[in-house]
Amino acid sequence: MMADGNEQIVTYTPKGAGEHTINVKVGYHHLGDSPYKVKVFDPRKVKAIDIQKKCYTGNTCTFQVDATEAGDGILEVVILCEGKTIPHRLTSLDNGFYEVSFTGEEPQRHRIHITLNEELVKGSPFWIEYVDEMEEMLAEFERQQFVQIRTLAGITFRGTAGMIDQFSTEIIGTGKQLYWTTLSKLDCHRHVLSTR
């Protein structure tokens, strides 16, 4: 507390997020609107959860934000790609949890800014790379250049269920010989095409 003539200046440093009560008194009597409430927040306590490193163009990317320990305030999200603001949905789930979803249409890096009361949260900005699914698959196929004779050969690709249903191959040898192919599922995103 500092005194300057008839003026008293009180400074304080909150040590935790949450609602604080301030009492200002002369003797036993409150002054003005005392006691009053101050909402203390800590943007370092906001956590982005399950942010994917990569999404496919045209697909919705979703992640959550945990602000349960950050105190009260206004949580804002801005998503940018090539200088343009990308529309998104910010949904309050329960008690300081939020869900963010957006769809990237360009195969570019998307920058995600998250703020609490206009202060950047810890780790912000975050990055998500949007890639073209078909181009990525074709790039994997192009890397399969050499196969040893008389050995089982395979092509691994990643695709959605819809793409897998449409996927077809035709492998023709040097003497116009047609090879048999078998499609085996590795996991929900990866399949192996084996030839014999």
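What you are looking at is a predicted structure, and each value in this text was computed from that prediction instead of being measured.

*Asks:* I'd like a description of the environment of Gly96, backed by residues and values.
*Replies:* Summarising the element assignment, Gly96 is placed in the loop between strand E12 (88-94) and strand E13 (97-103). Sequence-wise, Gly96 and Thr68 are 28 residues apart; in three dimensions their C-alpha atoms are separated by 4.5 Å. Not counting residues up to four positions away in its chain, the partners in contact with Gly96 are Val65, Asp66, Ala67 and Thr68.

*Asks:* Tell me about the sheet that holds strand E9 (residues 60-66), residues and numbers included.
*Replies:* One open sheet holds the 4 strands; their spatial order is E7-E9-E13-E12, and the pairing between them is antiparallel. A single partner strand is all that each edge strand has here, and the edge strands are strand E7 (47-49) and E12. Looking at each pair of strands side by side, their axes are set apart by 25° on average, direction ignored. Across 7 bridges, E9 lies against E13 in antiparallel orientation. Across the sheet, the residue bridging to Gln64 is Glu99, located in E13.

*Asks:* Report on the environment of Pro125, specifying residues and quantitative values.
*Replies:* Examined against the element boundaries, Pro125 turns out to sit in the loop between strand E15 (119-120) and strand E16 (126-131). Take Pro125: its relative accessible area is 29%, and that puts it in the partly exposed class. Excluding its chain neighbours within four sequence positions, the residues that come into contact with Pro125 are Arg111, Ile112 and His113.

*Asks:* Tell me what's going on with the pattern of salt bridges, and back it up with residues and numbers.
*Replies:* Using the criterion set out here, one finds 2 salt bridges in the structure. Close ionic contact of Asp42 with Arg44 constitutes a salt bridge, the shortest N to O distance being 3.0 Å. Overall, Asp42 belongs to the buried group, its relative accessible area being 13%. Ionic pairing is found between Glu129 and Arg109, a salt bridge with its closest N-O pair at 3.8 Å.

Calculation notes
Each chain has its residues counted from 1, running along the sequence as written. Confidence filtering applies because this is a predicted model: local features only for residues at pLDDT of at least 70, side-chain atom pairs given and counted only at 80 or more, and all residues used for totals across whole chains, interfaces and linings. Computation of side-chain values covers all heavy atoms of the structure but excludes hydrogens and water. To qualify as a helix, a DSSP run of H or I must reach at least 4 residues; to qualify as a strand, a run of E must reach at least 2; elements of each kind are numbered from the N terminus. A contact between two residues is defined here by any heavy atoms of the two lying within 4.5 Å. At least two bridges found by DSSP between two strands is the condition for calling them paired. Working convention: axes come from line fits to C-alpha atoms, limited for helices to the stretch in contact. Angles between N-to-C directions cover 0 to 180 degrees. Any residue under 20% of the maximum accessible area for its type is buried, any over 50% is exposed, and the rest in between are partly exposed; the area is computed with a 1.4 Å probe on protein chains only. Each salt bridge in this description consists of a side-chain nitrogen of Lys or Arg and a carboxyl oxygen of Asp or Glu lying within 4 Å of one another.

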